[in-house]
Each structure stands twice: as C-alpha cells, then as structure tokens.
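Residue-level structure breakdown
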Amino acid sequence: MKRIIAVLTGVVLCIPVAWAEPSSEVAFDVATVKLLREADPTRGEVLAKEGKCAKCHGDAGVSDDSDDVNIAGMRSSYLFKQLKDYQNKSRDDRDMFKKTRNLDDQQLADLSAWYASLVPSQSATDQTTDAATLKLIFHGDPKRLLKACASCHGWRGRGGQFDHPALAGQFPQYLIDTMTEFKEGDRSNDIYARMRDVAESLTEEEIENLARYYGAALPAE
Amino acid sequence: MNQSNATSLSLANMWVGFIAFIVAALLGLYQVIERIDLIPGLKSPELYFASVSTHGVLMAFVLTTFLVMGYGYATATSSLKQDLWNKPLSWFGFWLSVAGVLLAAGPLLTGNASVLYTFYPPLKAHPAFYIGATMLVVGSWLWCLEMVMMMAIWKKAHPGETVPLAMFGTTANAILWFFTSLGVAAEVLFQLIPWSLGIIETVDVGLARTLFSWTLHAIVYFWLFPAYIALYTLLPRAAGGRLFSDQMGRIAFIMLLVFSVPIGFHHLYMDPFQADGWKFLHMIGTFMVAVPTLITGFTIIASLEIAGRLRGGKGLFGWIAALPWGNPMVVAAILALLMLTFGGFGGMINASYAMNVMVHNTQWITGHFHLIFAGTTVIMYFAIAYYLWPKLTGRQLHSTSLAIKQLWLWFIGMLILTLPWHQLGLVGQPRRISSTPYDESFVQAWLPAEYAMIAGGCLLFISAVMLIYNLYRTHGNSQAETNLEVEYAEPLHSVQRMPKLLNGFGFWVLLVVVYLLASYGYPIAQFFLMDTYGTVPWSI
Amino acid sequence: MVDPLKRICEDPLERKWIWISFAMAITMGVVLGYYAVASNIHPPSNVETIDSSRLHLTEEFAEDNLGVKANDDGSLTVTLVAARYGFYPPRIEVPVDTPITFRIASADVLHGVHVPFTNMATMIVPGYVSEVTTTFPKTGEFSLLCNEYCGLGHDSMWSRLVVTPKSAGGESS
C-alpha cells in the first residue's frame with residue numbers, strides 16, 4: 001500500500017515537470033565539452049564490444065545492412081547527445097534505451113569518442129542530382145522558410161559543431177525514416193524543433209530525393 | 001632624400017604593404033563576382049569567407065600598418081634631417097611584423113582563420129592567426145618607439161624650435177596607435193590566445209568586443225593620419241602654393257589624438273552588454289572627432305585655393321581649374337576630399353546613437369568604410385607612393401600619366417562600388433553574406449546594385465594593377481631622379497614661437513589617459529564585477 | 001566681444017568655420033540627446049547575463065516559452081532564440097501599432113538581427129540577453145535577417161515576421 005501511494009505521489013509530482021520538459025537534457029556547457037574532450041576511445045571500443053553495438057552498427061561503425069544506421073566518424077558530441085537522449089527517453093527507442101540505461105556519462109562519452117574516431121561510411125547508392133533537390137540542399141526554399149540543408153549539415157554533408165549531424169554516407173532508408181519521424185512528431189529531441197519544422201515543410205518525395213543524395217558516397221576530405 | 005639612412009627601410013615597409021594590397025585586391029574581385037552566383041561552380045562559403053577574412057586582414061592590418069611605418073620612417077628622417085635613432089631595432093620591428101603576417105597567412109589561406117578581420121569570438125581561429133597578429137602589432141610598436149625617440153632627440157638638439165609639422169603629425173600618430181592598440185592587445189593576449197590554445201575554457205564575448213571596440217575606432221585614424229600628413233605637408237607645395245595654417249594642422253592632429261581613442265562604443269551601439277549612458281558619452285566624443293576633419297577640410301581647400309590663385313585662377317571657382325591636374329598628389333588629394341565628403345556624411349549617420357539601428361551590419365557599413373578607407377585614405381597612400389618612390393629609388397616615376405589615370409580609375413571604381421552598397425544597406429541587405437538565399441522580392445530588388453558592385457570591383461582591380469606596375473617599373477627606370485629632397489610645404493604665416501602645447505605631447509598624453517579611463521574604465525570593470533558566462537570555442 | 005579662437009587661429013573665415021563645425025557637432029549631440037531623454041529613443045542596451053550553453057534548459061528560453069506572449073499592459077513580449085542557423089520560432093505574428101518587447105538570446109555564437117524597413121535591430125551576444133522594444137506601424141510580411149557573421153551558414157539564417165492588422169482583441173499569438 002505504502003509503495004502504491006509513493007508511486008502515485010511520484011507520478012503526480014512528475015506531471016508539471018513532464019509538461020515543461022525540454023526536448024533534450026543535454027547541453028554543451030563547459031562540463032560536457034570537457035567530458036567529451038577527455039573521453040577515451042579505447043575504453044569506448046571495449047564498451048562497444050560489450051554492448052554488441054556491431055549488431056546494428058557494424059564492426060567499425062559502418063553496417064552492410066542498408067536497414068541499419070551508420071555512425072562511424074560522426075562527431076562525438078552528436079553521438080553523446082543521442083545516447084543521452086535515448087537514456088533520458090528524450091528520444092524514443094526501446095533497444096537503444098536498454099543499451100544505454102546502465103551506462104554513466106563517462107562511458108557514453110567514451111563510446112562516442114570511439115565511434116567518432118572511426119572512418120566514416122563510404123557506401124554508395126543511387127545519387128539524384130536533379131536541379132530542384134540541389135537547390136534545396138544548397139539554396140533552400142525561401143517561400144517555405146527552408147534554409148539550405150548544407151548551411152547546418154555542411155557543404156559536403158559532414159555536419160557542424162555539437163549537434164548538427166553528418167548526413168553523407170548515411171543509409172537513405174534511415175534518413176527517410178528519421179525525417180518522417182520528425183515530420184510526424186515521433187522524434188522530438190531536436191532542440192527548438194529545428195528539424196521538426198524543416199521536415200513538416202518538406203514533401204515525401206523531396207525527403208526521398210534528399211535521402212538518396214546524402215546516401216550516396218561523397219568524397220572523404 | 002637628405003638622409004638616405006631610412007631609404008631601404010622605408011621602401012621595404014611600403015612594398016610589403018603594396019604586395020598585400022594587390023593580393024587583397026584580387027580576392028576582392030573574386031568576392032564581388034562570387035556573391036551573386038554568376039559562376040555557380042565558384043559558389044563556396046568556405047572559400048568566400050576565407051577570402052573575406054584574408055582580404056580584410058591584408059587591407060586593414062597589413063597594407064595600412066606597413067604603409068604607415070614606411071611613410072613614417074621617410075618622414076622622420078627627411079623632415080627632421082636626422083638619422084634614425086636605432087636602425088637595427090627598426091629593421092627588427094619590420095621583420096617581426098613580416099613574420100607575424102606570414103604566420104597568420106598560413107591559417108588564413110587554408111580556411112583555418114575564417115573569422116574575418118574583426119575576429120569576434122566565439123568563432124575560433126587557429127592560434128597561429130592570433131599569434132601572428134600579435135607579432136605584427138608588436139613590430140609596429142617598435143616603429144612607434146622610433147618615432148617618439150626621434151622627435152625627442154630632435155627637440156633636445158633644437159631647443160625652443162618648432163617641430164616640423166610632418167613629424168608632429170607622425171609622432172601624434174605613433175602615440176595614437178600605441179594607445180589604441182592596447183585594447184586589441186589585451187583581448188588577444190589575455191583572452192584569445194590562451195582560449196585558442198585551450199589554456200582557458202571560455203571567453204567572455206562581451207569583454208572581448210568591448211576591448212576590441214577600444215581599438216576599432218582609432219585604428220582608422222592610425223590609417224588616416226598619413227593621408228592628412230601628406231595633405232598638410234606635401235600637397236600645398238606640390239600644388240604650387242602654401243599651407244594655409246600650420247597651427248590649425250597641429251590643432252587638428254591633437255584633437256584627433258585626444259578624441260579618437262576613447263569613442264569606440266559607436267561600434268557597440270547595438271550590443272546589449274553596455275548601458276546606453278556610456279554609449280551616449282562615446283557618441284559625444286565621436287561628434288567631437290568630426291571637428292578636426294572639418295578643420296582639415298577647410299585648411300587644405302584653402303591651401304589649394306592659394307595655389308590655384310597663385311597659378312592665375314580667377315573668380316569664385318576658377319582657381320580649381322588652374323591647379324596642376326597633371327600632378328598625382330594634387331589629383332589624389334582632390335579626389336580624396338570628394339570621397340571624404342560622402343564617406344564623412346555616412347560616418348555621421350553611423351555615429352548618431354539610436355539612428356545607427358537603421359544601418360548597423362547592413363551593406364551601408366561596407367559601403368561606408370570602403371568609401372572612406374579604401375577611397376579617401378588609400379588613394380592618398382597611392383599619392384604618397386608616387387611622390388616618394390622617385391626620391392627613395394633615385395629613379396623617375398615610370399609614368400606620371402599612368403599614375404593620373406590610375407587615380408581617376410580608382411575614384412570612379414570606388415564610387416561605383418560603394419554608393420550602391422549604401423543603398424543596399426538602406427533596403428536591408430545584411431553584411432558578410434556569401435550569397436542571397438532570401439525572399440525573391442529582396443533578391444530581385446538587390447540585383448542592379450549587385451551588378452554595379454561587380455563593375456566597380458573590376459575597375460578597382462585594374463586600377464590596382466596599374467599602381468603596382470607603375471611602382472615596379474620605377475625601380476628599373478633608366479631616367480634618374482635628380483631632386484631627392486622631400487619638399488615640405490611652407491606655411492602662409494611663419495610662426496615665431498610655437499606654443500609648447502602645440503609642440504609636444506606630454507599634456508595631451510595625460511589627457512588621453514584620463515579620457516580613456518573615464519570612457520572605458522567602468523565599462524570594462526563591469527565584466528569583473530558581475531557574474532558573466534563565457535563561451536567555449538566554436539568552429540566556423 | 002573677443003573671439004576666444006583668435007589666440008590660435010588668425011584667419012577670420014577659418015574661425016567662423018571652426019565655430020560652425022563645433023556648432024554642427026553640438027547640435028547633433030543635443031538633438032540626439034533630446035530624443036533620447038524625451039522620447040526614450042536609445043540603442044538596444046540591456047546588461048543582463050545568461051548561460052547561452054544551457055539556454056533550452058532555462059525558464060525564459062525554454063522551448064515552450066518562446067514566441068509571442070501578452071503582457072498585462074496590452075503590450076507583447078516576443079521571446080526568440082538565435083542559433084545556427086535560424087531564429088526560433090521561425091514564424092512570428094504580431095499586431096500592428098502595439099508595443100512589442102523582443103527578448104532574444106543566442107544559443108551559440110555572435111549573431112545580429114535586423115528587420116528591413118523597420119527599426120527592430122540588435123546584436124545577439126552569447127552570455128547576454130538582448131532586449132528591444134518597438135512598435136511596427138505598417139502591416140505586412142517582414143523578415144528577420146541575421147546580419148553578423150556567425151559561420152558558414154550565415155547567409156541562410158533568417159526567419160519570418162508577419163505584422164497583422166489589429167483584431168478586436170488587440171493581440172494574436
């Protein structure tokens with residue numbers, strides 16, 4: 001009985017907090033930046049083996065199954081944020097929640113550092129180069145307030161500081177799924193709804209074309 | 001020149017400046033073409049912003065500092081008829097500055113210092129950029145020391161005599177530069193270098209911008225002083241006349257020294273972290289610093305009128321036509337004064353406190369400083385070069401008519417480049433953009449001015465090449481220059497005894513220090529009295 | 001009356017010009033000072049610090065607090081975040097002829113914002129909160145443009161401001 005009351009009280013107390021919850025608990029303040037800088041990729045490699053991350057992410061962060069997610073060479077800051085978001089349930093995925101549930105911040109940082117140190121994906125798929133898609137990528141669409149994808153995701157799709165992920169070499173299906181999740185509000189760990197806003201304005205066809213463009217091999221730097 | 005002691009030092013400094021100039025001019029041409037996607041294959045923000053950063057550093061820090069130093073060495077030795085105080089130290093300063101430029105060039109040219117010539121944090125450049133910039137400035141401090149020492153030695157050897165106006169102005173500039181560079185020196189030494197090396201984690205952007213603003217205004221007077229010195233001391237004689245008033249020249253230089261340093265907040269009008277009371281105080285100083293420029297305008301035009309009338313010009317404006325329009329110094333001076341009128345007017349708008357909100361960080365600003373700096377100041381740098389090269393090299397100028405054409409082309413190109421920019425700013429085009437992915441209505445409205453910008457840029461680049469070619473060919477000219485004396489203008493009325501206040505800087509330096517403390521003391525201290533949050537490094 | 005400038009300047013015409021120069025400088029200062037005091041027209045100044053690296057975790061700049069909110073006195077507060085590369089929320093609607101206070105903070109680097117054809121403009125400095133109060137006298141579609149170099153995507157950084165005619169209630173969200 002006491003336990004039920006305690007749980008119910010806890011739930012009731014959580015309600016106002018849950019209502020005002022930020023989309024992600026992760027902030028790139030001095031402490032987090034320091035944590036990431038001092039993370040150890042060797043420890044991360046060990047953790048990756050223990051966690052059997054290779055099952056979905058490949059031995060070196062690049063999978064040969066196009067339904068998987070390539071994470072090799074992504075910034076450690078981005079990977080860390082996603083791992084923390086999975087752990088905090090800011091980003092909803094049962095499998096990733098289970099994998100991250102019992103890891104502390106140091107371990108998450110080490111894992112991120114390990115995958116960041118790997119060579120990014122070079123997988124090649126069909127590449128669309130129609131003018132409309134290129135325009136979206138490098139110019140955007142002022143009418144829909146869409147900015148050039150390249151402005152945040154980099155001219156070569158290699159991403160930007162902290163939480164602008166690399167898109168180049170990612171599996172197109174994953175990109176399509178992710179954009180669809182943003183579009184429908186199923187994924188909401190993008191701070192200030194930056195990607196939700198973008199995805200809402202894009203059509204399904206545009207999402208597919210963009211995914212095919214970024215999924216193709218872009219030259220490594 | 002009487003004193004050949006500084007000839008090669010002077011030429012070396014000015015050549016470094018002009019080499020920087022021609023490289024930067026080429027980059028400028030690339031920038032105006034790239035902007036409207038004329039050649040889609042060229043589109044690359046990485047390349048564009050690396051170019052803008054390099055262009056800005058070369059034009060605003062390298063061309064200027066080395067020109068000032070080169071002209072300063074030539075002026076000091078020729079006007080005082082005295083050897084350099086410490087030639088090895090001056091050469092060391094030159095090499096230190098050159099090494100600094102080369103060190104900073106590495107990251108700049110490889111896209112690792114695309115932080116623009118204002119390098120506002122928290123965008124972080126490679127540490128070599130900041131260290132190179134520091135070396136450039138420290139080298140220039142050695143020039144300052146040389147100027148001050150030469151004037152001091154001369155005064156000791158000529159007690160009671162009047163320091164020649166050209167040297168008075170040059171020393172005023174040296175003192176000005178030292179005091180104004182302290183701001184950026186503090187920002188770079190205490191904040192940016194340790195932060196870019198990872199020794200400190202964060203930088204307080206408000207403090208950094210406040211320190212930079214300390215330097216940011218008076219640095220333009222550091223650049224402008226040689227132009228004014230040439231207008232006062234070389235132009236009247238080149239035009240065939242006299243300097244209207246030597247005293248007013250001194251007063252103008254002193255007013256510039258005192259009022260230009262502690263007024264940097266008109267660069268921070270739009271920033272939140274300074275209270276508007278301080279901004280108002282700086283605004284008052286900013287309007288006061290317009291007065292010596294207005295005085296200079298009068299004195300120089302009056303001097304030109306004397307020359308024109310001496311040459312037979314009659315009537316209200318007839319003296320203008322009678323001036324020697326075949327003399328590069330005269331042409332440059334008149335074109336400089338015309339551009340000063342436009343640019344100065346724009347400056348008064350920028351200084352106008354809350355009205356600044358309408359132009360801040362728009363292309364109006366880009367138009368303003370290109371007109372007043374690349375126009376008025378730099379055209380006088382050309383004039384100084386055309387005047388001094390024969391005297392420093394001992395060879396006649398390769399082609400006077402080419403020089404005249406080059407100056408006119410620069411003037412016309414500058415107006416075509418900058419006047420549309422002012423208009424673009426008023427209709428809201430932001431600054432420092434590499435393309436225009438905005439509403440179609442904006443982009444279409446901006447296009448005509450953008451085409452004008454390209455036209456202006458092309459004319460300017462051609463003019464820049466003409467200048468370098470002319471100076472380069474002068475070295476190998478078979479015709480020797482017989483008149484190696486720098487001929488300083490005689491004042492209309494000779495002054496028997498110059499008041500001490502107009503012959504030295506002791507009191508004025510004190511005033512500068514007091515005014516600087518009053519204008520910047522609390523505004524800087526506040527950052528240490530309140531809890532501030534610094535920012536970690538950000539890549540571009 | 002002896003002209004005090006006579007001691008340092010001999011030419012009467014030049015002395016006149018110097019007086020005119022001083023008069024111009026002083027007049028401009030006085031006029032600006034008058035408007036500053038009488039109409040409260042100042043450049044944006046607001047000495048207020050904030051931790052930009054934790055912006056979305058603060059109360060004022062939390063995601064559900066952004067946008068347009070009504071104040072008790074009929075004015076509106078618009079809370080915005082500037083972050084590479086956009087202003088959030090990207091679409092804002094406000095009524096015409098209403099005092100609007102913009103509260104803006106940066107989540108990362110230095111930004112600037114201006115709205116062409118209006119007087120809404122300010123720098124946005126990480127570590128500090130910018131506050132600008134203004135009224136929009138004309139209806140229409142406007143743009144907030146970033147005007148300070150903030151990185152390679154600076155060109156793309158802009159958002160939409162719509163000024164609507166006043167509804168009966170005098171406000172909109």
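One can find the structure itself at the top, above this paragraph.
The numbering scheme is per chain: residues are counted from 1 as the chain's sequence reads. Starting at A for chains and at 1 for ligands, labels are handed out in the order in which the entities are written. Per-residue local features are limited, in this predicted model, to residues with pLDDT of at least 70; the limit for side-chain atom pairs, both in listing and counting, is 80 or more; totals at the level of whole chains, interfaces and linings are taken over all residues. To get the side-chain values, take all heavy atoms of the structure and skip hydrogens and water.

Overview of the overall build of chain A
Each helix is a run of DSSP H or I of at least 4 residues and each strand a run of E of at least 2, with the numbering of both proceeding from the N terminus. A tally of regular secondary structure across chain A gives 12 helices and 0 strands. In chain A, the succession of helices and strands from N to C terminus is α-α-α-α-α-α-α-α-α-α-α-α. Burial here depends on accessible area, computed with a 1.4 Å probe over protein chains only, as a share of the maximum for the residue type. Under 20% is buried, over 50% is exposed, and the range in between is partly exposed. Taking all 221 residues of chain A together, the buried fraction comes to 50%. Two residues form a contact once any of their heavy atoms are found within 4.5 Å. Of the contacts made within chain A by residues no fewer than 6 positions apart, 71% connect residues no fewer than 24 positions apart.

Details of the interface of chain C and chain B
The interface is formed by 62 residues belonging to chain C together with 70 residues belonging to chain B. Here the quantity called buried area is the total loss of accessible area, with a 1.4 Å probe, experienced by two parts when brought into contact, counted for both. Approximately 5,600 Å² of surface area, both sides summed, lies buried where chain C meets chain B, with 69% of it carried by carbon and sulfur atoms. On the chain C side of the contact with chain B, Y149, L152 and D155 of chain C bury the most area, a combined 13% of that side's loss. Any Lys or Arg side-chain nitrogen found within 4 Å of a carboxyl oxygen on Asp or Glu counts as a salt bridge. Our count for the chain C to chain B interface comes out at 2 salt bridges. By the criterion applied in these results, polar contacts are pairs of N or O atoms within 3.5 Å in which, for protein atoms, one can donate a hydrogen and the other can accept it, and in which residues neighboring in sequence qualify only through two side-chain atoms. On inspection of chain C and its partner chain B, the count reaches 25 residue pairs in polar contact (both at pLDDT 80 or more). Residue assignment for the side of chain C that touches chain B shows that the elements contributing at least two residues are α1 (12–38), β7 (121–124), β8 (129–135), β9 (140–146) and β10 (158–164) of chain C.

Brief notes about the pairing of strand β5 (residues 99–106) of chain C
Residues and elements named next belong to chain C. Judged by how many residues are buried, β5 sits mostly within the fold: 7 of 8 residues are covered. The pairing criterion for strands is at least two bridges between them, as found by DSSP. Note: strand β2 (residues 76–83) against β5, 7 bridges, orientation parallel. Counterpart to T77 in the pairing with β5 is T101. As paired strands, β5 and β8 are joined by 7 bridges and run antiparallel to one another. The partner of F102 across the bridge, within β8, is V132.

Notes on the interface of chain B and chain A
Reports of interface size often rely on the accessible area that becomes lost once the parts have come together. In this complex, chain B contributes 14 residues to the contact, which on the side of chain A involves 11 residues. Three residues stand out in chain B for area buried against chain A, namely K43, E201 and V536 of chain B, and they jointly supply 39% of the buried area on that side. Where chain B packs against chain A, one counts 2 salt bridges. Residue E201 of chain B is joined to R37 of chain A by a salt bridge in which the shortest nitrogen-to-oxygen separation is 2.8 Å. Between chain B and chain A we count 4 residue pairs in polar contact (both at pLDDT 80 or more) in total. Taken together, the residues that form the side of chain B that touches chain A break down as 6 nonpolar, 4 polar and 4 charged. Residues are grouped as follows: Ala, Val, Leu, Ile, Met, Phe, Trp, Tyr, Cys and Pro are nonpolar; Asp, Glu, Lys and Arg are charged; every other residue, Gly included, is polar.

Re the sheet that holds strand β4 (residues 91–95) of chain C
All names here are of chain C. A sheet is described by the order of its strands in space; here 5 strands give the open sequence β4-β10-β9-β6-β7, paired in mixed fashion. Two strands bound the open sheet, and with one partner strand each, they are β4 and β7. Shown here is a sheet whose adjacent strand axes are inclined to one another by a mean of 20°, direction ignored. As defined by bridge partners, β9 adjoins β10 across 6 bridges and the pair is classed as antiparallel. Residue pairing across strands places L144 opposite S159, the latter belonging to β10. Throughout, an axis means a line fitted to C-alpha atoms (over the contacting stretch in the case of helices), and angles, computed between N-to-C directions, take values from 0 to 180 degrees.

A word on the packing of helix α5 (residues 165–196) of chain B against helix α8 (residues 246–260) of chain B
Residue and element names in this part refer to chain B. At their nearest, the axes of α5 and α8 sit 10 Å apart, and the two run at 0° to each other. Considering their axes alone, α5 and α8 lie roughly parallel with respect to each other. Here L165, F168, G169, A172, I175 and L176 of α5 lie close against α8, whose contacting residues are D246, G249, R250, F253, I254, L256, L257 and S260. In terms of residue class, the contact of α5 with α8 is built from 9 nonpolar, 3 polar and 2 charged. Here the word oblique covers every angle except those under 35 degrees (roughly parallel), over 145 (roughly antiparallel) and from 65 to 115 (roughly perpendicular).

Notes on the packing of helix α3 (residues 87–109) of chain B against helix α4 (residues 127–157) of chain B
Residue and element names in this part refer to chain B. Two elements in contact, α3 and α4, have axes separated by 7 Å at closest approach and are oriented at 160°. By the criterion of interaxial angle, the relationship of α3 to α4 is roughly antiparallel. Between α3 and α4 lies a crossing whose hand is left-handed. The residue makeup of the contact of α3 with α4, split by class, is 18 nonpolar, 7 polar and 1 charged. When the near helix sits turned anticlockwise from the far one by under a right angle, the crossing is termed left-handed; a clockwise turn instead gives a right-handed crossing.

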